[in-house]
Amino acid sequence: MRLDKYLKVSRLIKRRTVANEACDNERVTVNGKVARASREVKEGDVIAIRFGQRTLTVEVVAVAENVGKADAAAMYREVAPQ
């Protein structure tokens, strides 16, 4: 699944266009490398998203096309920033 779509489906970022912009502005890294919106995400990847001064780091637990709001948080788990 594309990174921008994963961020939207998992509800880490509300809209896919916003996820796209975050990737374009180099605010999203996957496994320590700046990632483009088209990068494929797979289980085990570590995604870090910078929101201003705060950085959210998560590990991908599951990849699914359609997920309900209640199950979105089960797609990732937060990890301590490295």
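The shown structure was predicted, so the numbers you read here are calculated from the model rather than taken from an experiment.

Quick notes on the rules
- Residues numbered from 1 in each chain as written.
- Predicted model: local features only at pLDDT ≥ 70, side-chain atom pairs only at ≥ 80, totals over all residues.
- Heavy atoms only, no water.
- Helix = DSSP H or I, 4+ residues; strand = E, 2+ residues; numbered from the N terminus.
- Rg over C-alpha atoms; globule rule 2.2 N^0.38 Å.
- Buried < 20%, exposed > 50% of the residue type's maximum accessible area, 1.4 Å probe, protein only.
- Pairing = 2+ DSSP bridges.
- Core = buried A, V, L, I, M, F, W, Y, C linked by side-chain atoms within 4.5 Å.
- Contact = heavy atoms within 4.5 Å.
- Patch = residues over 30% accessible without salt bridge, like charges linked within 9 Å, V, L, I, M, F, W, Y side chains within 5 Å.
- Areas by Shrake-Rupley, 256 points an atom, 1.4 Å probe, with all protein chains shown as cover.
- Salt bridge = Lys/Arg side-chain N within 4 Å of Asp/Glu carboxyl O.
- Lys, Arg positive; Asp, Glu negative; His and termini not counted.
- Charge placed at Lys NZ, Arg CZ, Asp CG, Glu CD.

S.K.: So what exactly am I meant to see when it comes to the overall build of the protein chain here?
M.R.: Scanning the protein chain from terminus to terminus reveals two helices and five strands. In sequence order, the protein chain lays out its α and β elements as α-α-β-β-β-β-β. Computed over its C-alpha atoms, the radius of gyration of the protein chain comes to 11 Å, within 12% of the 12 Å expected for a compact globule of 82 residues. C-alpha extents for the protein chain along the principal axes are approximately 30 × 25 × 20 Å. Counting over 82 residues, the protein chain shows a buried share of 35%.

S.K.: Looking at this model, I keep getting lost on the sheet that holds strand β4 (residues 54-60). Mind explaining?
M.R.: Strands in a sheet are paired, the pairing made by backbone hydrogen bonds, and the direction either parallel or antiparallel. An order of β2-β1-β3-β4-β5 is seen for the five strands of this open sheet, with the pairing classed as antiparallel. The two strands at the open ends of the sheet, each matched to only one other strand, are β2 (33-34) and β5 (76-78). By the bridge criterion, six bridges tie strand β3 (residues 46-51) to β4 in an arrangement that is antiparallel. Bridging from a neighbouring strand, Arg50 pairs with Thr55 of β4.

S.K.: Please clarify how the nonpolar core should be interpreted in this entry.
M.R.: Judged by nonpolar contacts, the single largest core of 24 residues is most densely connected at Leu3, Tyr6, Leu7, Leu12, Val28, Ile47 and Ile49. At the level of secondary structure, the elements contributing two or more residues to this core comprise α1 (3-9), α2 (16-24), β1 (28-30), β3 and β4. Discounting residues that sit within four places of it in the chain, Ile49 has contacts with Leu7, Leu12, Ile13, Arg27, Val28, Arg54, Thr55 and Leu56.

S.K.: Explain the environment of Lys69 to me, please; I cannot follow it from the model alone.
M.R.: Its location among the elements puts Lys69 in the loop between β4 and β5. Once the C-alpha coordinates of Lys69 and Glu43 are considered, the two residues, 26 residues apart in sequence, prove to be 20 Å apart.

S.K.: Just checking my understanding: could you explain a positive patch on the surface for this structure?
M.R.: On the surface, Lys8, Arg11, Lys14, Arg15 and Lys69 cluster together into a patch of positive charge. Position of Lys14 among the secondary structure elements: in the loop between α1 and α2. Judged by relative accessible area, Lys14 falls into the exposed class, the value being 73%.

S.K.: What am I meant to see in the pattern of salt bridges here?
M.R.: Side-chain pairs of opposite charge can arise whenever the charged atoms involved come near each other. Tallying each qualifying case throughout the model produces six salt bridges. A salt bridge links Arg2 to Asp4; its shortest N-O distance comes to 3.1 Å. Residue Arg2 is classed as partly exposed on the basis of its relative accessible area of 32%. Glu65 is paired through a salt bridge with Lys5; the nearest N and O atoms lie 2.7 Å apart. Here Glu65 is found in the loop between β4 and β5, whereas its partner Lys5 is found in helix α1, with 60 residues between them in sequence.

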